[in-house]
Amino acid sequence: MSLDIGFNEERYVKLLTELIGETKYLQDNPPRFVPEEDKAIKHLLEVLKPYTKENGGLLKVDHITYVEGRGNLIIEYENGVEKGTVTFIGSHLDVVPANPETWERDPFKLTIEGDKMYGRGTTDCLGHVAMITELFIQLAEKKPKLKRRVVAVFIAAEESTKIPGVGIDMLLKNGKLDHLMDGPAYWVDSADTHPCLGTASAAMWTLKCKGRLFHSGLPHKGVNSLELAMDAVTHIQKRFYQDFPPHASESEYLFASPSTMKPTLVKGAEGSVNQIPPWTEVQGDIRLTPFYDIAECVKKVEGYITELNKDISVLVSGSRGPCSKYDINIEEGHFKGELEMIWDQEATQGIACKLDSDGHTALREATHSVIGECKPYSITGSLPLVGDMQAAGFDIQVCGYGHSSVYHGDNEYCSLSNMKNALKIFTHILNKFNK
């Protein structure tokens, strides 16, 4: 019997309005912004309450908290099923910060203009949270007999890992997700409707470059940390691209770009224009396609730094003039530049989804059935723990129904029609696994 799931638009919009109304308190960028995900969860608990087992319904709802005020929520529709699952996971309750001064609308209030629903978190990721909640309410109302349990996992602390021990890392560590390995797990936090086949590993780095302060009129007595930084980054990038060139599998997975290592921020010692700067820091990231190992990559880069510190003079090409040197012997003594690489947080492991799994086949078929086409893609953005979960035995498949064009941007919005299609796609998937 085919499963027929509807979409209660009024209920969906009401819930999303409540969730977006909390986003001022869901912003995640510590220490300035520490989210309180329970402010979102209270609205989910309220709308789910009539359908919970405690109230005679079929939904098992588990509010799991490891840090006060920062909960995760697991919803299960069982209806007598003992084994086999279909899981919708990864939709998160925190959001990136929004500056009201740069928005054309209030980012902390849902604004509906035709098919577009504006507000921080509509695309990433509260629009998904409200849509998946609607799916479970529909299941609880219609009470279909299914051959697999259906599970949703809404997580805290996705946008920042600066405060550890809050979200999915703890759920995984404490075995709260172990029973979800016997079926596909759809990570619902990408965008643009079509399946995402892969994401990149990511490592954030800071290169500290130490020189010697001196008057710029006597440049032969200084070690210019800014020039050292530029030459060091150039050298490191060259080595990186030699060791991690475009991989043959990237074309199969339709990656838009290969692995990259690049600087994105720079800062230095305060001084005047006539001083040789004594230190410079360059920050950046590595985005590594999942066919390479990020731990090996980090080790390789650290090796570049070790070699340079043993002989920093290899960076001197002569192109910056005769007085730009990084190892000098002068009457005041012997001075040389030094490099230190600091990894700002634990690296995130990327994922290449299993293209031959039943879960992937179901997603592609469902997308084509509802949208009329299926155009999978891969990006070198990153998602937390997906690679680790795949390695642990989960069949992780990645999808999302917001708009990548406004991800983390001003005037973020999602489309009501896309969210309706998303629910149709998920219904198609459930039907696939109910045969």
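Read on for an overview of the structure. (Residues numbered from 1 in each chain as written. Predicted model: local features only at pLDDT ≥ 70, side-chain atom pairs only at ≥ 80, totals over all residues. Heavy atoms only, no water.)

On to the sheet that holds strand β13 (residues 279-288), then. Strand order in the open sheet formed by four strands is β11-β13-β9-β16, and the pairing between neighbours is antiparallel. Each of the sheet's edge strands pairs with one partner strand only, and the pair in question is β11 (260-268) and β16 (338-343). Strand after strand, the sheet turns through a mean of 25° between neighbouring axes, direction not considered. One ladder, built from 10 bridges, connects strand β9 (residues 201-210) with β13; its direction is antiparallel. Residue pairing in the sheet places Met204 in a bridge with Asp285 of β13. Across the sheet, helix α5 (residues 225-243) touches β9, β11, β13 and β16, and the angle it forms with β11 is around 170°. Where helix α7 (residues 294-310) meets the sheet, it contacts β9, β11, β13 and β16, and its direction lies at approximately 165° from that of β16. (Pairing = 2+ DSSP bridges. Helix = DSSP H or I, 4+ residues; strand = E, 2+ residues; numbered from the N terminus. Axes fitted to C-alpha atoms, helices over the stretch in contact; angles between N-to-C directions. Contact = heavy atoms within 4.5 Å.)

Before going further, it helps to spend a moment on α5. Over its 19 residues, α5 runs 26 Å from end to end, which matches the ideal 27 Å to within 8%, given 1.5 Å per residue. Here α5 has its buried residues at Ser225, Glu227, Leu228, Ala229, Asp231, Ala232, Val233, Ile236 and Phe240. Elements that come into contact with the buried residues of α5 comprise β9, β11, β13, α7 and β16. (Expected span 1.5 Å × (residues − 1). Buried < 20%, exposed > 50% of the residue type's maximum accessible area, 1.4 Å probe, protein only.)

Now for the packing of helix α3 (residues 122-142) against helix α10 (residues 416-432). Where α3 contacts α10, the two axes come as close as 10 Å, and the packing angle between them is 50°. On the basis of the axis angle, α3 is oblique to α10. Crossing handedness for the pair α3 and α10: right-handed. Residues Thr122, Gly127, His128, Met131, Ile132, Glu134 and Leu135 of α3 form the contact with α10, whose own contacting residues are Met419, Ala422, Leu423, Phe426 and Leu430. For the contact of α3 with α10, the per-class residue count stands at eight nonpolar, three polar and one charged. (Parallel < 35°, antiparallel > 145°, perpendicular 65-115°, else oblique. Left-handed = near helix turned anticlockwise from the far one by under 90°. Nonpolar A, V, L, I, M, F, W, Y, C, P; charged D, E, K, R; others polar.)

Here the structure, examined in full by the defined rule, presents 10 aromatic pairs. Measuring from centroid to centroid gives 5.7 Å for Tyr401 and Phe426, while their planes differ by 80°, and the two rings are edge-to-face. Taken together, the residues span a long stretch of sequence, with Tyr401 in the loop between β19 (395-399) and β20 (413-415) and Phe426 in helix α10 at a distance of 25 residues. Taken as a pair, Tyr401 and Phe426 share a single burial class, namely buried. Put simply, the rings of Phe88, Tyr186, Tyr401 and Phe426 pair up and form one aromatic cluster. For the cation-ring pair, Lys39 lies above Tyr25, with the distance from its terminal atom to the ring centre recorded as 5.2 Å. (Phe/Tyr/Trp six-rings, centres within 6.5 Å; stacked < 30°, edge-to-face > 60°. Lys NZ or Arg CZ within 6 Å of the ring centre and 35° of its normal.)

Next up on the list: a nonpolar patch on the surface. A contiguous nonpolar surface patch, about 260 Å² in accessible area, is contributed by Leu226, Met230 and Val266. With respect to the helices and strands, Leu226 occurs in helix α5. (Patch = residues over 30% accessible without salt bridge, like charges linked within 9 Å, V, L, I, M, F, W, Y side chains within 5 Å. Areas by Shrake-Rupley, 256 points an atom, 1.4 Å probe, with all protein chains shown as cover. Salt bridge = Lys/Arg side-chain N within 4 Å of Asp/Glu carboxyl O.)

All chains considered together, the criterion is met by 23 salt bridges. Glu104 is paired through a salt bridge with Arg105; the nearest N and O atoms lie 3.6 Å apart. Residue Asp285 pairs with Lys262 through a salt bridge whose shortest N-O separation is 2.8 Å. Taken together, the positions of Asp285 in strand β13 and Lys262 in strand β11 put the pair 23 residues apart, joining distant regions of the chain. Given a relative accessible area of 9%, Asp285 falls into the buried group. One network of salt bridges, with partners in common, ties together Arg11, Glu134 and Glu141.

What follows concerns helix α8 (residues 358-371). End to end, α8 covers 20 Å across 14 residues, agreeing with the expected 20 Å (1.5 Å per residue, within 8%). Taken together, the buried positions of α8 are occupied by Gly359, His360, Ala362, Leu363, Ala366 and Thr367. The arc that holds every buried residue of α8, seen down its axis, measures 160°, which confines them to one face. The elements touched by buried residues of α8 are β7 (184-188), β8 (196-199), β19 and α10. One or two positions beyond α8, positive phi appears at Gly372, with a value near 95°. (Arc of directions from axis to C-beta.)

Once that is clear, we can look at the side chain of Thr133. Along the chain, Thr133 falls in helix α3. On the accessibility criterion, Thr133 (0% relative accessible area) is buried.

Now for the nonpolar core. Counting residues in each nonpolar core, the largest one holds 56 residues, and the members touching the most others are Tyr12, Phe88, Tyr186, Phe426 and Ile429. The element that contributes the greatest number of residues to this core is α3, accounting for 10 residues. In this structure Phe426 touches Phe88, Met131, Ile132, Leu135, Val188, Cys399 and Tyr401, once residues within four positions along its chain are discounted. (Core = buried A, V, L, I, M, F, W, Y, C linked by side-chain atoms within 4.5 Å.)

Most of β19 is tucked away: five of the five residues are buried. Burial along β19 is two-sided: the face carrying Asp395, Gln397 and Cys399 and the face carrying Ile396 and Val398 are both buried.

As a further point, take the layout of surface pockets. The method is simple in principle: a probe with the dimensions of a water molecule rolls over the atoms, and the space it marks as empty is what remains. Space inside the largest pocket adds up to approximately 1,000 Å³. Lining the largest pocket are 40 residues, and of these Glu159, Met204, Arg287, Ser382 and His408 lie nearest its centre. Mapped onto the lining of the largest pocket, the elements with two or more residues apiece are β9, β11 and β13. Classifying every residue of the lining of the largest pocket gives 14 nonpolar, 15 polar and 11 charged. The calculated volume of the second largest pocket comes to roughly 460 Å³. Forming the boundary of the second largest pocket are 22 residues, of which Thr161, Asp169, Glu346, Pro384 and Leu385 lie nearest the centre. Class assignment of the residues belonging to the lining of the second largest pocket gives a composition of 11 nonpolar, seven polar and four charged. (1 Å grid on protein atoms, 1.4 Å probe; cavity = no way out; pocket = protein on both sides within 12 Å on 5 of 7 lines; lining within 4 Å. Points joined across faces, edges and corners; volume = space filled by probe spheres on them.)

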